[in-house]
Amino acid sequence: MAWSQSGAVELTCTKKWFETPDSVTFELSPNSHEVTFQFKPGQFSSLGFDIEGNKHFRAYSISSKPGDSRLRFTVKRVPNGLVSNHVVEQLEVGQSVEAMTPVGQFNNVDCAPQAKVLMISAGCGITPVMSMVDDWLANEVPVDIEFLHLAKSKQDAIYFNKINELNLQVDHFNLNMLLEDNRGTDYPQGLISLEWLQKLVADFRDRTIYLCGPTGFMEVVKSVLEHADFDMSQFHQESFTPAESEPVVASIVAGTTQDQAVVKVTVPSFGVELDAKPGSLLLDALEKGGVPVIAACRSGICGSCKCKVKVGQVQSSSTETLTAEDVENGFVLACSSQIQSDVEIALN
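Residues numbered from 1 in each chain as written. Predicted model: local features only at pLDDT ≥ 70, side-chain atom pairs only at ≥ 80, totals over all residues. Heavy atoms only, no water.

Visitor: Can you help me understand the overall build of the protein in this one?
Guide: Looking only at helices and strands, one finds 8 helices and 19 strands in the protein. By sequence separation, contacts in the protein at least 24 residues apart represent 69% of the contacts at least 6 residues apart. Working note: accessible area of the protein is about 16,200 Å², and carbon and sulfur atoms make up 47% of it. (Helix = DSSP H or I, 4+ residues; strand = E, 2+ residues; numbered from the N terminus. Contact = heavy atoms within 4.5 Å. Areas by Shrake-Rupley, 256 points an atom, 1.4 Å probe, with all protein chains shown as cover.)

Written as structure tokens, this is what we have:
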């Protein structure tokens, strides 16, 4: 059975190590030999971890290659992050982790490269672009790779040794690593300008560009490319945060009242009824009520928190993975929907 067709599999952590002081890489192996890990390099999976008696899901990019016997992920600690801190501090070899079907449009299959590519990443954004590079190299795809990565310091640079070794050993892989603590250069701290991009990769306009990193960083890079008259059909980016420019979609208006001080959230199938503040996230209310909703990416791109607004109104900033028919029938993503009135929710 192929993992991509199985929906979800229960895996076991078989290896774990620190990449940096606040990030770890871990490998997950199947409990049987019947699962094959096929996915598109760059995609992510929603992983479920048992934490204090409850299962919590988060979406993480897959850093291994398709066809490998194990899945590999790299997770960086997020301040006050429930799951990331659990993974860094408490995940142990031998523990079970549930892995959902791989998803994501940011990959090197759907976003096929030209003969030359430029991979731009910052922080833990290196994980999906590294998976793409590993895939090209393993399959001897004739693509010229420029790799531009930003990190705070050498100690904070994920895969530091690996990408430096590739730079030395692979003729068609060229690395530019910019470290924010590199005080001996005139590198603009934390920024990428058109001047610097031209200096580092003079032929960037002739390349397919793949970008992943913090939202603010990606917005800056995208703006630079647009002002440089780059062919944006050759630009691909990943983000676990919905873009601010995404349209707000009103969903299911029936018997609603605006300007309420408190709104009611009911989920009849689970016997849940609770109060929430207007404008608060539907996901927060569902989790508060103990509704077993899966919230993996928590940013409106994986679709795991899909639910139906049967009565009432929400405003949604993302409809990723939802069809036009889904929206018409009242389905929303709980992590990206603000409650506007009393609502009745169903998980199916």
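Past the structure itself, the notes keep going.
Visitor: Whenever I open this one, the nonpolar core confuses me. Can you help?
Guide: If you look at soluble globular proteins, the nonpolar side chains tend to sit buried side by side. Core analysis: the biggest nonpolar cluster contains 27 residues, and Met119, Val133, Trp136, Phe147, Ile163, Phe173 and Tyr210 have the highest contact counts within it. Put simply, the parts of the chain that give this core at least two residues each are strand E7 (116–122), helix H3 (126–138), strand E8 (144–151), helix H4 (160–169), strand E9 (173–179) and strand E10 (208–212). Sort the elements by how many residues they give to this core and H3 lands first, with 6 residues. The residues touching Phe147, leaving out its near neighbours within four places in the chain, are Met119, Ser121, Ile126, Val129, Met130, Val133, Ile163, Phe173, Asn174, Leu175 and Asn176. (Core = buried A, V, L, I, M, F, W, Y, C linked by side-chain atoms within 4.5 Å. Buried < 20%, exposed > 50% of the residue type's maximum accessible area, 1.4 Å probe, protein only.)

Visitor: What should I look at first to understand the sheet that holds strand E3 (residues 44–51) in this one?
Guide: To summarise the sheet geometry, strands pair through backbone hydrogen bonds and adopt either a parallel or an antiparallel arrangement. Taken in spatial order, the 6 strands line up as E4-E3-E6-E1-E2-E5 in an open sheet, and their pairing is antiparallel. Both outer strands of the open sheet, strand E4 (54–61) and strand E5 (71–76), are each paired with one neighbouring strand and no more. The sheet shows a mean angle of 35 degrees between the axes of neighbouring strands, taken without regard to direction. Here E3 pairs with strand E6 (residues 96–100) via 2 bridges, running antiparallel. Bridging from a neighbouring strand, Leu47 pairs with Ala99 of E6. Its contacts with the sheet put helix H2 (residues 82–89) on strand E1 (8–20), strand E2 (23–30), E3, E4 and E5, and the angle it makes with E3 is roughly 75 degrees. (Pairing = 2+ DSSP bridges. Axes fitted to C-alpha atoms, helices over the stretch in contact; angles between N-to-C directions.)

Visitor: I would appreciate a short explanation of the pattern of salt bridges in the present structure.
Guide: Pairing is possible between side chains that carry opposite charge, provided their charged atoms lie close to one another. Going through the model one piece at a time under the given rule, you end up with 12 salt bridges. Residues Lys116 and Asp203 are paired through a salt bridge, measuring 2.7 Å at the closest nitrogen-oxygen approach. With Lys116 in strand E7 and Asp203 in the loop between helix H5 (194–200) and E10, this residue pair connects regions lying 87 residues apart in the sequence. Judged by its relative accessible area of 22%, Asp203 is partly exposed. With its nearest N and O atoms 2.7 Å apart, the salt bridge here joins Lys162 to Asp134. With Lys162 in helix H4 and Asp134 in helix H3, the pair connects residues that are 28 residues apart, well separated along the chain. Residue classification places Lys162 among the partly exposed residues on the basis of a relative accessible area of 32%. In this structure, a network of salt bridges that share partners links the residues Lys116, Asp144, Asp203 and Arg207. (Salt bridge = Lys/Arg side-chain N within 4 Å of Asp/Glu carboxyl O.)

Visitor: Quick question: what am I supposed to make of H4 here?
Guide: Owing to its 3.6 residues per turn, the α-helix aligns residues three or four sequence positions apart on the same side. The set of residues buried in H4 consists of Phe160, Ile163 and Leu166. Angular distribution of buried residues about the axis of H4 spans 140 degrees; they occupy a single face of the element. Of the exposed residues in H4, the ones pointing more than 90 degrees away from its buried face are Asn161, Leu168 and Gln169. Its buried side turned inward, H4 meets H3, E8 and E9. (Arc of directions from axis to C-beta.)

Visitor: What should I look at first to understand the side chain of Ser341 in this one?
Guide: Mapped onto the elements of the fold, Ser341 is located in the loop between strand E18 (337–339) and strand E19 (343–346). By relative accessible area, Ser341 is classed as buried at 0%. At 2.9 Å, the side chain of Ser341 and the backbone nitrogen of Gln313 are in polar contact. (Polar contact = N/O pair within 3.5 Å; in protein donor to acceptor, adjacent residues only side chain to side chain.)

Visitor: Looking at this structure, how should I read the state of the cysteines?
Guide: Think of a disulfide as a covalent bridge from one cysteine sulfur atom to another cysteine sulfur atom. This structure, assessed with the given rule, holds 0 disulfides. The cysteine Cys124 is free of any disulfide, with Cys212 supplying the nearest cysteine sulfur at 7.3 Å. (Disulfide = S-S within 2.5 Å.)

Visitor: Any chance you could explain the side chain of Thr74 here in plain terms?
Guide: Within the secondary structure, Thr74 is located in strand E5. On the accessibility criterion, Thr74 (6% relative accessible area) is buried. For Thr74, the side chain forms a polar contact with the side chain of Tyr159, separated by 2.6 Å. Setting aside anything within four residues of it in sequence, one finds Thr74 in contact with Glu19, Val24, Thr25, Ser63, Thr127, Ile158 and Tyr159.

Visitor: Looking at this structure, I do not really get the confidence of the model for the protein. What am I missing?
Guide: Fine structural detail should not be taken from predicted coordinates in areas where pLDDT scores are low. For the protein, the average pLDDT comes to 86, and 88% of its residues sit at 70 or higher. Overall, residues 183–190 carries pLDDT values under 50, and its contacts beyond four positions in sequence, including any with other chains, amount to 11 contacts. This model gives residues 241–258 a pLDDT under 50, and the stretch forms 42 contacts once residues within four places in sequence are excluded. (pLDDT = per-residue confidence, 0-100.)

Visitor: Hey, could you run me through H3 in this one?
Guide: The end-to-end C-alpha distance of H3 is 18 Å, a good match for the 18 Å that 13 residues give at a rise of 1.5 Å each. Across the 13 residues that make up H3, a large majority, 11, are buried. Taken as a whole, H3 has its buried residues at Ile126, Thr127, Pro128, Val129, Met130, Ser131, Met132, Val133, Asp134, Asp135 and Trp136. Residue Glu140 follows H3 closely and has a positive phi angle near 55 degrees. (Expected span 1.5 Å × (residues − 1).)

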